[in-house]
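Overview (structure and organization)
What follows is the residue order along each chain.
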Amino acid sequence: MFDFIKKKIKDSINSIQKKLVKEEKIEEREAAHDETALPAQETKEQEKTHDKPATLKVAPKEERSEEEPAAPRRVQEEEPKKEPQGKKKLFAHQINDVDIQNIYGEIRESLLENNVALSVVEAIRSDLKEKLKGKDVSLLSTRRDVEAAVKDSIKDILMDYPVDDFLAVIKAKKPYIILFIGVNGVGKTTTLAKFAKFLIKNGLKPVVSASDTFRAASIEQLETHTKKLGVEIIKHNYGADPAAVAFDAIKHARTSGADVVLIDTAGRSDINKNLLDELKKVKRVSKPDFTIFVGDALTGNDVVNQAKIFDKEVGIDATILSKADVDKKGGAVLSISYITKKPIIFLGTGQSYEDLVPFNKEKTADFLLE
Ligand SMILES: Nc1nc2c(ncn2[C@@H]2O[C@H](COP(=O)(O)OP(=O)(O)OP(=O)(O)O)[C@@H](O)[C@H]2O)c(=O)[nH]1
Ligand SMILES: [Mg+2]
């Protein structure tokens, strides 16, 4: 998961460190040179000569007139070199605008190459600037300081929704209605089944609404899952009104005492008017408490744009990004919550029911920079 972006960020930080340390090494050499002139390193004899205000020296030829004999005269010695302010200071470097530009340049390239949206990259830039400008870094701390700043900036652009908080909200209303939407093939039905398993594990009883009456075999696919999970499914025939199926599922949940209604919906290959009208109707009729946009992490910037449209047209409360297990870039994960201003709740990380991992922004940022 996220192999490419992890490697890219690591390479960027190595390169940043090299650049900064190179400067520090120059300072280190200068410091070593300065130190030879330090009173502390002089011999006792040399120290004594310091007491004399000036030394007798022969003035260089060009300073004498032709007639003037080469007599010794007093020449003012150079000012004694200032004592450096302690070894620690010499090894320190204060991050300046040029460094920030270098750091940003490296990080920007890594992020854009991995499909992170431009506005997110810009947000990370201003955040990094705020965190690093004027910061004192030493030879030893450079990597740690830059890594910490990048990590914090990534945390700042991510939004999560702790599952315990979500569970508490779900448990507070019965039946709690959740609508799953997204384009076709992204993993809506699989994610819904995984989520049903998650609810069962947490002591809740879900009921499923087979509101994808559009795609061939969609109802059987959902039934296969519900049989395995021991969950009730409410279904109509293909071509039936998806909103009517959802309505029946909610009615059934009320009478049967189910805790949660999970509504599966159809996708389309693109986001067309039919799909949006269908989903708007399902939403109007079922009045869901929570609408989850399911997106395929692999599709990078596309999934971010889909989420924006679904949010504008239907309204979403959070995202689940599927197929994170095969996503090497991480661009969608880093962009989607910043752009939609809606949290990511889970990542889908495989095809089994257990492969639904609560999304945690701290852990994600740590993982990307580990
Ligand atoms: N590797 C991986 N595959 C996944 C994940 N989630 C879903 N899939 C696979 O993606 C394919 C499509 O999943 P579905 O759940 O049918 O997708 P859908 O959005 O319901 O598709 P439609 O009903 O046709 O719109 C299936 O082969 C799933 O097994 C995931 O997290 N990781
Ligand atoms: Mg489906």
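Here's a quick rundown of the structure. No experiment lies behind these values; they were computed from the predicted model shown.

So, on to the site of ligand 1. As a structural note, the neighbourhood of ligand 1 is formed by 21 residues, with Asn 184, Gly 187, Thr 190, Gly 267 and Gly 348 the closest of them. Counting residues per element, the shell around ligand 1 draws most heavily on helix 8 (residues 188-201), at three residues. The class makeup of the residues in the shell around ligand 1 is two nonpolar, 13 polar and six charged.

Looking along the chain, the bond that leaves Lys 174 and enters Pro 175 is cis, with omega of -10°. Its place among the elements puts Pro 175 in the loop between helix 7 (163-171) and strand 5 (176-181). With a phi close to 65°, Asn 115 is a non-glycine residue in the positive phi region. Locating Asn 115 in the fold gives a position in the loop between helix 4 (97-113) and helix 5 (118-132). Of the residues examined, Asn 115 has 24 C-beta atoms within 10 Å and is grouped as buried.

What follows is about the sheet that holds strand 7 (residues 232-234). With respect to topology, eight strands assemble into an open sheet ordered 7-6-8-5-9-10-11-12, the strand pairing being mixed. The open sheet has two edge strands, strand 7 and strand 12 (356-358), and neither has a second partner. Each strand axis lies, on average, 25° off the axis of its neighbour in the sheet, ignoring direction. Note that strand 6 (residues 206-211) and strand 8 (residues 260-265) share six bridges and pair parallel.

With that out of the way, let us pick up the pairing of strand 10 (residues 318-322). Within strand 10, five of the five residues are buried, leaving the element largely enclosed by the surrounding structure. Side chains Ala 318, Ile 320 and Ser 322 of strand 10 all project onto a buried face; the interleaved residues Thr 319 and Leu 321 project onto the opposite face, where all are buried too. When strand 9 (residues 290-296) meets strand 10, the two strands line up parallel, connected through five bridges. In the sheet register, Asp 296 faces strand 10, and the bridge partner there is Ser 322.

Let's shift gears to helix 14 (residues 361-368). For helix 14, the set of buried residues is Thr 364, Ala 365 and Leu 368. One face of helix 14 carries all of its buried residues, which in axial projection span an arc of 95°.

With that settled, consider helix 4. Here helix 4 contains 17 residues, and its C-alpha end-to-end distance of 24 Å stays within 8% of the 24 Å for a straight helix at 1.5 Å per residue. Of all the residues in helix 4, the buried ones are Asp 99, Ile 103, Tyr 104, Glu 106, Ile 107, Ser 110 and Leu 111. Buried residues of helix 4 fall within an arc of 165° about the axis and therefore sit on the same side. Structural note: helix 4 exposes Asp 97, Val 98 and Gln 101 on the side pointing more than 90 degrees away from its buried face.

Analysis parameters
- Residues numbered from 1 in each chain as written.
- Chains lettered and ligands numbered in written order.
- Predicted model: local features only at pLDDT ≥ 70, side-chain atom pairs only at ≥ 80, totals over all residues.
- Near = placed C-beta within 6 Å.
- Helix = DSSP H or I, 4+ residues; strand = E, 2+ residues; numbered from the N terminus.
- Nonpolar A, V, L, I, M, F, W, Y, C, P; charged D, E, K, R; others polar.
- Buried ≥ 20, exposed ≤ 12 C-beta atoms within 10 Å, placed from the backbone.
- Pairing = 2+ DSSP bridges.
- Axes fitted to C-alpha atoms, helices over the stretch in contact; angles between N-to-C directions.
- Arc of directions from axis to C-beta.
- Expected span 1.5 Å × (residues − 1).

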